[in-house]
Structure formats: structure tokens, C-alpha cells
Amino acid sequence: MKKLSARRRHPLAALVVLLLALAATGGLYAALAPQKAVADDTQQSLAIEEGKKLYAVGCSSCHGMSGQGSSNGPTLVGVGSAAVDFQVGTGRMPAQQPGEQVPSKKVIYTQAEIDQLAAYVASLGPGPSIPSKDDTNVTSANMARGGELFRTNCAQCHNYAGKGGALTNGKFAPILEGVSNKHIFEAMLTGPQNMPSFPDSTLTKENKRDIIAYLNEVNSSPSYGGNSLGSLGPVTEGLFGWIFGLGALIAVAVWVAAHTTKAKKS
Amino acid sequence: MSTPTDTTKPRGKAPAGERVADWADGRLGLYGLAKANMRKIFPDHWSFMLGEVSLYSFIIVILTGVYLTLFFHPSMSEVTYNGTYAPLQGIQMSEAYASTLHISFDVRGGLLMRQVHHWAAIVFVAAMLVHMMRVFFTGAFRKPRELNYLFGFLLLFLGMFDGFMGYSLPDDLLSGTGIRFMEGAVLSVPIVGTYLSFFLFGGEFPGHDVIPRFYTIHVLLIPGIMAGLLVAHLILVFYHKHTQFPGPGRKNTNVVGMPLLPVYMAKAGGFFFLVFGVIAAISALVSVNPIWSYGPYRPDQVSTDAQPDWYMGYSEGLIRIMPGWEINLWGHTLQLGVFIPLVVFPLVLGFIGLYPFFESWVTGDKREHHLLDRPRNRPVRTGIGAAWISLYLILLVAGGNDIFATRFHLSINVITWVSRIGFFVLPVVVFLATKRIALGLQRRDRDKILHGRETGIIKRLPHGEFIEIHEPLPQSALYTLTSHEQPKPLEIGPEVDENGVERKVGRIAKLRARLSQAMYGRDTQIPKPTPEEYKEIMSGHGHH
Amino acid sequence: MSESTLPSEREAHGGELAENPFADPGLPPHEPRRQDIDEKAAKSSERTVALLFTVSMLATIAFIASYVIFPVGKVVFIWPIGHISALNFALGMTLGVALFAIGAGAVHWARTLMSDVETAAERHPIEADPETKAQVLADFAQGAQESQLGRRKLIRNTMFGALALVPLSGVMLLRDLGPLPEDKLRHTLWSKGMLIINQNTNQPLRPEDVAVGSLTFAVPDGLEETQSDYQEQIAKAALMIVRLAPEDIKDKRERDWAHQGIVAFSKICTHVGCPISLYEQQTHHVLCPCHQSTFDLSDGARVIFGPAGHALPQLRISVNNQGYLEALGDFEEPVGPSFWERG
């Protein structure tokens, strides 16, 4: 990897950015090309209609009939489709009970329903939208750079290996293992619950892909030295050392010091 | 073992061996040494081998440590990593960290040696602590062994610090966080703290000096002192001869067991290989300190679950439960939030390290003791030891409060508050409970002596009553259970003598008498049965 | 508990009651082991020991073979541990077995074949007998007298003086371990007009980049990772940028030093200097992962829990005429852990 400074000062950096921007615009244009737009529009409004119905049943009791929020849940105006896709797609929403920390659980909506819900919530106000396939495609990402970004932005809460960690008053940062690229991307983008957001303006899409690539590597790489003891650092190592290390040695010591069986029992 | 008797092993009985021994004797006085030590008697008990676990894990640490020095570069120069571990390729890091990655991923067996080194260190300090507590609870620290206890305690203390230094050397994110903590702790020292910190780090934190300096301290200075203390410790073990538990034929004036040659040569020598084998197997199966996962140290990065190795965990607990007190007066800052833990840290350890001198002063006992106490027969000492362990444990829990919070779904703030209260309350509760339990066990011993062992056999007497048969204890058991002393507390005597003249009793003498009363006075021992009581019951009169 | 022993048994035992029933019966007689009386059992023990030593030899050969065969990067799946380094596993297990088998063989040999007769050895008092003590004291007195140390006070005093002073040279030599602190802990790289660089993108931050509820880490413009003092500088200058709704900011000074609700606080904990950065965007609390000091970013970053002694220093920021966030000067108080001269 190039050094940060080198990267920053690279004379071609501006050109690369320009090309990327052009490519992105082109891609966007292609995606939203006029010939498809009409069909998309009707589909879109249909999805919003369906989403509104789902919303009224599953979400409105806490977030209000039109997403304005209530004492039980925050407003959803402007949270964008990415937030819905993350919260509902990881089973955090609908919550069993309102609170500062809503844990992930079994997902109860299909992806199609989630998309409809997301479309409806997105229609309430502009907000971050669900990342595209390309956004979360990490094949060309730089995982070493991602590791550095992870240690700067993420490890303080989620632990060096993404094993989660404690926050104040019983809240916690969840484990990042087994979370899809898309959901990690969305979490960074939207900042669910007490997690701060890392919008594209401060953590670019490329940065996010690097981080995801690093996490994928961490989650799939072997634990070279043997059982990782949960990757929780020296506390579990110490516990293991006491119980199985010293424990085994004391068991051996008992055998060494014990009297050998006598021929006839007195 | 440490005596130079190797040349006279049985296989060397041939004249050639004898000639070698003669040569050595002419220069080292070998036969004289061997005469005193070759058939030295050692008693057998598993708990006597805890010290051996410490000794052997220390040797393992040294062997593997020497190997690691062959590859480790204690330098903080920044390099760009281009080694085999892909997730760090191209990252800036110190040479120390890069060379540790090299040991882990490019040197064949390097990872194993690192893991053996680290596991052995964890076991080393744990074994020393357990060994010390064994000595504490059995009263083996009493005269003539107070100094040797102190040597052992110093070994524990130095071992903890050397472990901390070793943990700091790889310059990974975790170890750097530990060094940063150390900087904060040094800075909190009043008046000289800032200067000490600048001298330690060669300027501002982290600088480029601290790892090479820690390296010298870790591999040379502290191990050198420890080796000296260890030799002194072992020489004194030989010189004092080992303590033993009371039992038939085992007196304060003898030592019963099997000879060094051959039994202990084989058992202790074999035990070294057993310890090494177990630690090697653990290192093959269980990862320890995976520094590549932590990443290189940068002062603006951190990972949660940032803890020291377990033996520093209790200092971590002290610092985590401390409220954030800070005094600003006359243009100076006293950061009590760090400084108080820094002061309490050696006090907690020092208490247990200096306890032998305290106890011998309180009891006024100047005799040699070679027979061990059963912990129940010294309820106050046992209570103090248990209270100390409970304090240590609650601080360990507090030091890992974030792990406990996430794994048991608790609030970190609640754990911290419970630890804060527990720090003061738990030792008292544990002391009282342990003392009660010890007295209960003494009472049970008394019952066993007087009424025999419960056999579980129910018999029906001619008049219909059911009773459980109690089998009288064999004489060896009777002796074992009654051989201990029940000391009397010190008396200061009447403060007014027979002529009505006030006798001067110093405040310290009064305090000593009070403490002695607490140690051996009321409610500290159940009177053990006298032979007369026993005879009376056994002859069938009285006592129903 | 009622009467505990049966009359008949009491009688049987009563005859054995000696003068003192608690007297030391002495060492019990030695009981032979099976191996002591049965040569077949002894032979079996011998074979076990030899087998263990043989296992050790085989394991050492396996160790050498593993070292040669397995490439250092090879990964294998070992149930139930998972994917681990083949070489580490093979070397550790073979070494472990080779060592353990030697130990087990030696101990089994000692336990089953070597004599297990317990004998008693007399102890001798550690203290010297009175004659020795008297002799030593006399020798010492004579030596002390011959030295004339007690008589010639001038020698004694100057010698003590010299011995007391000479270690000072050693202390003096330690002076160059490091420079004096001076005011180094009081200053960071931040200065008036310095741009605030986003650590992720390496670009200067603009106010519109920073959303409410987001968290960004920043460094001063011009700080390069390749600089030799990079670590020292970032250890003081690291910054945490968050944006609060201006009405959520309770502290007046914090609001004044912010730019449209964007606040910049030192990332370095005031306790012992961990990079404090566990920001909870709903509560506006920031928690230190090392010792759980908790600061309220909506209230001047004051300490609300844990061992830190004072609030996180805030950096005054504004926007320059190109629309970039800039510092309005250095921190007004030292960042990081407290120290004596901090005041």
C-alpha cells in the first residue's frame, strides 16, 4: 500500500477522482435512463403503497402514523432506506420493547417487504439509501488500509477482531461476525442506535469497502496459534492459563506426589 | 536439581566416572557437598510441588526467551511492513512490531516459541502466587523461613513487572496502550512525575527509546536479579530442609520422606519435562497474544478489551474502580484518580509479603517451626489470607469489567459500583466467614476425636433404639489431629502492680497485646480434646 | 449426638488405650507395593517406562519431520479448534509429547520401581551454638579493633562521606536519559488557521461533511505518518469531531467554541491518555475503553463517570474563507493525562 501522504499528494489523485466521478455519473445515468424511468416510477410508487401498509401494521405504534416519531421511537423522516434495510434486515426492528439498545433477532420480514418498507420510509424525507451491489463489492478493496481505518474508527467499540464491546450502562457494541457486507455498510452509513454515523462525506465508500474487506478477512482468517479463546484479549487468556494451565499442572503434581498403590490394603 | 551431583549418577559408577568425580572433588569439594545433599530427604505432597511449577516455568521462559532474542529487534524505528501477513502489508509500524510478526509468520517454530514463552509466563506468575498462598495458609513462612518467604515474594513482584515489560515489547496496539497507561501513572507522581516520564521515554510519549530500554530491563536486569533471588531461595530450601505436614513419626525435629537420589531426582527432574510438555501442548492448541490481530501501536488508536496480562489485572481493577479525584492547588495538579491506585498497588502486595514479620511480632513466637499448620487450626491467619484473596479477586473482576459486562449482559457501571463497594466490604465478610468455617472444622475434628468416625452403619440396640456406629479413630489419626499447639495470647499483665504503682505499658505493647488477643484469644480456637476427656468417654462413663 | 460407640467395640478398643491415647505412634511400617513383591508387575512397570521413553524418541523424530515437511504458512483444520497453523500445531504437539513422555517415564519409574521406603532425617537447629557465636563475636571485635575504625573517627567519617557521595556519579549519568519537560506537554501542533484533516480521507473537513450524529477523527494539517515525531505529535493532537444540534449543547463555552454545533475535543483521555472514542450518538456520552471514564460531550465534555479527573480539552474551531474548518489556536489547556505542573 502507498503511504497515506503519498496518496494524498499524488499528482494523479485529482484525475482519478475525476474519472471515478465521471464513471459514477455515467453509471447513475445508465441506471436511471429515461426509457426505464417510467416503469420504475410506477413500481416505486407501488412499493411505497405496499410499504405504507406494512408500516402501519408493524412500525406505526412507536414511530407514529406518518413516521413523525413518538415517545417510544424516533422520527423516521430523513433516516433513509439504508436505515430501514439495516434495522429490519438484521431483525432489530420491529423492536420487542423500546429502549436504548435493541438487539438483533430473527428477521420477520422478507427482503421484498423490507424493500417496500424502505421505499416508504425513504419517501418521507431524503436520507441515505440502500447501498448498491457495487458499493459493497470488496474484491478490489485494500484490506490493510481497511484494518488501519478499522482500528481508528471501529475497534474502540467493536474490539480489534470485531467481537463487540461494552458501552455505558449495559449498552454494548455488537459482534461483527456473520453480518453481511451490506448491513455493515448500512450501519456505518446510518449510525444505528447509539453508534455514530460515518457518512460518505467523512468515510468514503472506498473507505467503507476497505473496512468491510478487512472484516471479511478477520472473520475468515485462521486463528494461527490455536483456539482464539474468543479473541477477547488477556482476560480470557489469564482465565485459561489458571484453569487449564495451572490446573493441568496441579493434576500432574498430584499424580507425581501420590503414594503408589500398595500390594495389600491395610 | 541445583547441586553438582550429576557426575556421580549411578550410571557413572565405573572407575572413569569416579575419576571425574575425584577431579571435581579436588577443585570443588564435591564429595562434601554430595554427602550432605545426595540422600537429602524430601517429603511428598502435591502442594510442595507448586514451587517446582514456578521454577520450571521460569526455566522455560528463559529458554524460549533466549530464542526470541535471536530474532526480535527492540527498535522503534518506523518501517513499512512487507512480510507474509497480508492484512498488514504496506502498513507503517515499528521494527519491534515488524520483527515480532516475522517471528510469528516467517520463522519456523517462532510462533510456537512465542506462545510457549507467553503461556509459561502466565503459568509462572500464577504458580508463584499459588505457591505463596500455600506457604501462607500452612504457616510455612514462620521462623526460620521468613526471609525465604520474602525472597519468594520478591520473585513474584519482579515476575509481575518483567511480565508487564515483555507484554510491552512487541509494540502492538494492546501493548502500546499498556505503556501509555504507564506514562499516565508516572505523570501522576507528585513533583517529580513529569521529569520521571521524560527520562523514562527519552522525551515525550512514546518517543523512540522506551522499547529498547524495556528490552534491556526485560531480558537482562530483572531476570538477572530474579536468577540471584532464585538461587538464594533454593539454597535456603536445601539448608532449612523442607517443612512437612504433621503425622505419625513426623516431628518438628525431623523430616520424613524419600531421598533426593534417586527418587526426587527422578520425580523432580521428570516433573520439569511434564511441565514443559504440558505448556508446549497448550501452546500448540491455544493461541495467546495474537499481536497480528491487534495491529501496530498508534497513540490515537485503541481496541476495547484493553487489559494487561492477568497478573497486572488487579492493578487494572484498582485503577478502574477509582473515582476521578483531582486536586488543583497553587498551580499544581495532584491526580489522585491515578496516584492513589499507584500507592495502593504495592501496599496490597506488600501486606502479604511482610505478613510473616507481622505475625511473629504479634505472637512473640521465637521458636523454629518445621511442622505445617492445618489452615483450620489458625482461623485468624486463614481468614486474613482468604480476605486478601477475595480483595485480589474482586480487583481482577473490576479489571475485566468490560468483558464481564458484555459476556454476562451486565452494566459496566453496575459492575464498577459493585467492585467499589466490594473492595471494602468483601474482605471483611470473607474474613468473618472463613474464621467461622475454620472454627466449625476445628469443632468437627474435636467430635471426630472424641466420638470417632461416622461409619454410616445403623445398628438397632436390644431396646429398639437405632444408632449409627462410630468407629474410633486409629491412633495415627488421633495424633495427627491433636499434635498442633493452641497458643495463648500475649498478656501485658496488670497495669497496676501489687503496691498500687502504675506500671508503664507503652502504646505499642498494648496494641501488640490486643492483636495477639485477636489472633489467639477468645473465639479463635476450639479447645482440642485432652487425653483425659478422651479416656473418660472411651471408658464408657459420662458424656452422653 | 447420643452415645456414639457400641459397648462391645468400646471394650475392644479400651484394652489398647495407652497411657496417652494421643501419643505419636511413630512412622508406620513400610508396606510393599505390588512391584516390590511381584517381579511380573515390576517387569510391566519397566516396559511402561521404556515405552514412554520410546514414545518420546518417536515424537522428537516427528518434530524434526514436521519442521521439514510443513511450510510455515500452511493452515489445517483441526477439530474442534478450527483452522490453525499446521506447523505450530505439529511442532507444539510433538514437542509436548516428547517432553511429557520423558517426564511421565521418569516419574513412573520413581513411583513404581525406586524404593519408596520413607525415612526420617534429623533436623539441626539453624542457630549456632553459644560457643560458635562467642567465637564469631570475639573474632569480629578483634578485627574491628585491629582496624582502629572506632578509634580513628576522622577516617571513619571521611570514608562514610566518600561512600555516600560516590553513587551520585551514577545518578548524574542518568540525567541524559531524556530532555527536561519544559512546556512540551502544554503544546500541540494545533495553531491558528490550521486546517482540520479527516483521518479517513486525508482531506480537510468542511462543515457540511459533518452530519449530526456522525463521528470523525481528525489530525492537524501537515502531520505525516512518515515524520519521525509522528507518534509523539498524534499522541497529543488527535481530535474527535462530532456535530450536535446547537440546542443540545448545554455548556455555553462549548457552544461558543463550536461551529454550528460542530465541536472538536481532544481524543486523548485526561485519565491516563487512552484514545477515548466510544461515542454514543444518542446520549452524547463518550466512554474510554481502557478505564471507563465517561464524558458528556453535550456539556463541555465533563466527567460523569470513572477515574478521569477533568473534562476533555476542547479545540476552538471556525471556518476559513474557503469554507474549510480550521483551528482558532492551540488547546488552551494541556491535553492528555494530568501532571504535577499542569495547574
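Residues numbered from 1 in each chain as written. Chains lettered and ligands numbered in written order. Predicted model: local features only at pLDDT ≥ 70, side-chain atom pairs only at ≥ 80, totals over all residues. Heavy atoms only, no water.

K.L.:
I would appreciate a short explanation of the overall build of chain A in the present structure.
P.N.:
A count of helical and extended segments in chain A gives eleven helices and two strands. For chain A, the α and β elements follow one another from N to C terminus as α-α-α-α-α-α-α-α-β-β-α-α-α. Summed over its atoms, the accessible surface of chain A is roughly 12800 Å², and 62% of this surface lies on carbon and sulfur atoms. (Helix = DSSP H or I, 4+ residues; strand = E, 2+ residues; numbered from the N terminus. Areas by Shrake-Rupley, 256 points an atom, 1.4 Å probe, with all protein chains shown as cover.)

K.L.:
Explain the overall build of chain C to me, please; I cannot follow it from the model alone.
P.N.:
Along the backbone of chain C there are nine helices and 14 strands. Scaling as 2.2 N^0.38, a compact globule of 343 residues should have a C-alpha radius of gyration of about 20 Å, whereas chain C reaches 39 Å, well beyond that. Structurally, chain C occupies a C-alpha span of about 105 × 80 × 70 Å along its principal axes. When burial is assessed residue by residue, chain C has 46% of its 343 residues classed as buried. Of the contacts formed within chain C by residues at least 6 apart in sequence, a portion of 56% connects residues at least 24 apart. The averaged location of the 42 negative side-chain charges in chain C is 6 Å from the averaged location of its 29 positive side-chain charges. (Rg over C-alpha atoms; globule rule 2.2 N^0.38 Å. Buried < 20%, exposed > 50% of the residue type's maximum accessible area, 1.4 Å probe, protein only. Contact = heavy atoms within 4.5 Å. Lys, Arg positive; Asp, Glu negative; His and termini not counted. Charge placed at Lys NZ, Arg CZ, Asp CG, Glu CD.)

K.L.:
Help me understand the state of the cysteines in this model?
P.N.:
Formally, a disulfide is one covalent bond, and it connects the sulfur atom of one cysteine to the sulfur atom of another. On inspection of all chains with the given rule, the structure shows one disulfide over all chains. Two residues, Cys274 of chain C and Cys290 of chain C, share a disulfide whose sulfurs are 2.1 Å apart. Judged by the sign of its S-S torsion, about -95 degrees, the bond between Cys274 of chain C and Cys290 of chain C is left-handed. Of this pair, Cys274 of chain C sits in the loop between strand 7 (262-266) and strand 8 (278-280) while Cys290 of chain C is found in the loop between strand 9 (285-287) and strand 10 (294-296), placing the two residues 16 residues apart along the sequence. For Cys290 of chain C, a relative accessible area of 2% corresponds to the buried category. With no disulfide of its own, Cys62 of chain A lies 8.9 Å from the sulfur of Cys59 of chain A, the closest cysteine sulfur. (Disulfide = S-S within 2.5 Å.)

K.L.:
Even after reading the chapter, I still don't get the interface of chain B and chain A, so can you show me in this structure?
P.N.:
Quoted interface sizes are often the accessible area lost when the parts come together. Each partner contributes to the interface: chain B provides 68 residues, whereas chain A provides 55 residues. Of the roughly 4800 Å² buried where chain B meets chain A, counting both sides, 69% is carbon and sulfur surface. Interface area lost by chain B to chain A is led by Trp46, Pro87 and Thr304 of chain B, which between them contribute 11%. Remark: the boundary between chain B and chain A carries one salt bridge. Notably, a salt bridge pairs Arg298 of chain B with Glu148 of chain A, separated by 3.0 Å at the nearest N-O pair. One can count 16 residue pairs in polar contact (both at pLDDT 80 or more) joining chain B with chain A. Within the residue set of the side of chain B that touches chain A, elements represented by two or more residues are helix 3 (50-69), helix 5 (110-137), helix 7 (173-187), helix 10 (260-285), helix 11 (291-294), helix 15 (401-407) and helix 16 (412-451) of chain B. In terms of residue count, helix 5 of chain B provides more of the side of chain B that touches chain A than any other element does, ten residues in total. Broken down by class, the residue content of the side of chain B that touches chain A amounts to 41 nonpolar, 20 polar and seven charged. (Buried area = accessible area lost by both parts, 1.4 Å probe. Salt bridge = Lys/Arg side-chain N within 4 Å of Asp/Glu carboxyl O. Polar contact = N/O pair within 3.5 Å; in protein donor to acceptor, adjacent residues only side chain to side chain. Nonpolar A, V, L, I, M, F, W, Y, C, P; charged D, E, K, R; others polar.)

K.L.:
When you look at the pairing of strand 8 (residues 466-471) of chain B in this model, what are you seeing that I'm missing?
P.N.:
Side chains on a regular strand alternate between the two faces of the sheet. Residue and element names in this part refer to chain B. Bridge count for strand 7 (residues 453-460) against strand 8 is five bridges, and the pairing is antiparallel. Residue pairing in the sheet places Glu454 in a bridge with His470 of strand 8. Between strand 7 and the antiparallel strand that follows it, strand 8, lie five residues; Gly464 among them carries a positive phi value of about 100 degrees. (Pairing = 2+ DSSP bridges.)

K.L.:
Whenever I open this one, the packing of aromatic side chains confuses me. Can you help?
P.N.:
Inspection of the entire model under this criterion finds 42 aromatic pairs over all chains. With centroids separated by 6.3 Å and ring planes inclined at 80 degrees, the aromatic side chains of Tyr224 of chain A and Tyr85 of chain B adopt a geometry described as edge-to-face. One end of the pair, Tyr224 of chain A, is in the loop between helix 10 (205-220) and helix 11 (234-257); the other, Tyr85 of chain B, is in the loop between strand 2 (78-80) and strand 3 (92-94), on a second chain. Neither Tyr224 of chain A nor Tyr85 of chain B differs from the other in exposure class; each is buried. Aromatic side chains Tyr314 of chain B and Phe345 of chain B sit 5.4 Å apart centroid to centroid with 25 degrees between the ring planes, which places their arrangement in the stacked category. Of this pair, Tyr314 of chain B sits in helix 12 (residues 310-321) while Phe345 of chain B sits in helix 13 (residues 336-363), and the two are 31 residues apart along the sequence. Taking the relative accessible area as the measure of exposure, Tyr314 of chain B reaches 0% and is therefore buried. Assessed through its relative accessible area of 9%, Phe345 of chain B is described here as buried. Over the ring of Trp417 of chain B we find Arg420 of chain B, and its NZ or CZ is 4.7 Å from the ring centre. The residue whose ring lies beneath Arg253 of chain C is Trp257 of chain C, and the NZ or CZ to ring-centre distance is 4.1 Å. (Phe/Tyr/Trp six-rings, centres within 6.5 Å; stacked < 30°, edge-to-face > 60°. Lys NZ or Arg CZ within 6 Å of the ring centre and 35° of its normal.)

K.L.:
Can you help me understand the sheet that holds strand 8 of chain C in this one?
P.N.:
Sheets are built from strands that pair by backbone hydrogen bonding, the pairs being arranged parallel or antiparallel. Residues and elements named next belong to chain C. Taken in spatial order, the four strands make up an open sheet running 8-9-10-11, and their pairing is antiparallel. On the outer flanks of this sheet lie strand 8 and strand 11 (302-305), each paired with one strand and no other. The mean angle between the axes of side-by-side strands here comes to 30 degrees, regardless of whether they run parallel or antiparallel. Summarising the sheet, strand 9 and strand 10 pair through three bridges and their orientation is antiparallel. Looking at the pairing, Val286 lines up with Phe295 of strand 10. (Axes fitted to C-alpha atoms, helices over the stretch in contact; angles between N-to-C directions.)

K.L.:
What exactly am I supposed to notice about the domain arrangement of chain A here?
P.N.:
Residue and element names in this part refer to chain A. You can read the domains of chain A as domain 1 (43-122) and domain 2 (143-220). A separation of 22 Å is found between the C-alpha centroids of domain 1 and domain 2. The largest contributions to the domain 1 side of the interface with domain 2 come from Phe86, Glu100 and Gln101, which together make up 48% of the buried area. Summed over the shared surface of domain 1 and domain 2, the number is one salt bridge. Between Asp85 and Lys182 there is a salt bridge, with the nearest N and O atoms lying 3.0 Å from each other. Inspection of the region where domain 1 meets domain 2 yields four residue pairs in polar contact (both at pLDDT 80 or more). Among the elements that make up the side of domain 1 that touches domain 2, the one with the highest residue count is helix 5 (residues 80-89) (six residues). Along the lines of polarity and charge, the residues of the side of domain 1 that touches domain 2 split into five nonpolar, five polar and three charged. (Domains from an automatic or database assignment.)

K.L.:
What exactly am I supposed to notice about the nonpolar core here?
P.N.:
Nonpolar side chains in soluble globular proteins tend to be buried together. Counting residues in each nonpolar core, the largest one holds 169 residues, and the members touching the most others are Leu101, Trp119, Phe136, Phe271 and Tyr314 of chain B together with Leu312 of chain C. With 20 residues, helix 5 of chain B is the single largest residue contributor to this core. Counting 17 residues, the second largest nonpolar core, distinct from the first, contains Met194, Ala237, Leu239 and Ile241 of chain C. (Core = buried A, V, L, I, M, F, W, Y, C linked by side-chain atoms within 4.5 Å.)

K.L.:
Sorry, what's going on with the pattern of salt bridges here?
P.N.:
In a structure, side chains of opposite charge can pair up when their charged atoms sit close to one another. On inspection of all chains with the given rule, the structure shows 42 salt bridges over all chains. We note a salt bridge from Asp373 of chain B to Arg378 of chain B, for which the minimum N-O separation is 3.7 Å. Summarising the burial analysis for this pair, Asp373 of chain B and Arg378 of chain B share the class buried. Residues Asp296 of chain C and Lys250 of chain C are paired through a salt bridge, measuring 3.5 Å at the closest nitrogen-oxygen approach. Here the residue Asp296 of chain C occupies a position in strand 10, and Lys250 of chain C occupies one in the loop between strand 6 (239-243) and helix 9 (252-257), the gap between them amounting to 46 residues. The network of salt bridges with common partners includes Arg145 and Glu148 of chain A, Arg298 and Asp300 of chain B together with Glu225 of chain C.

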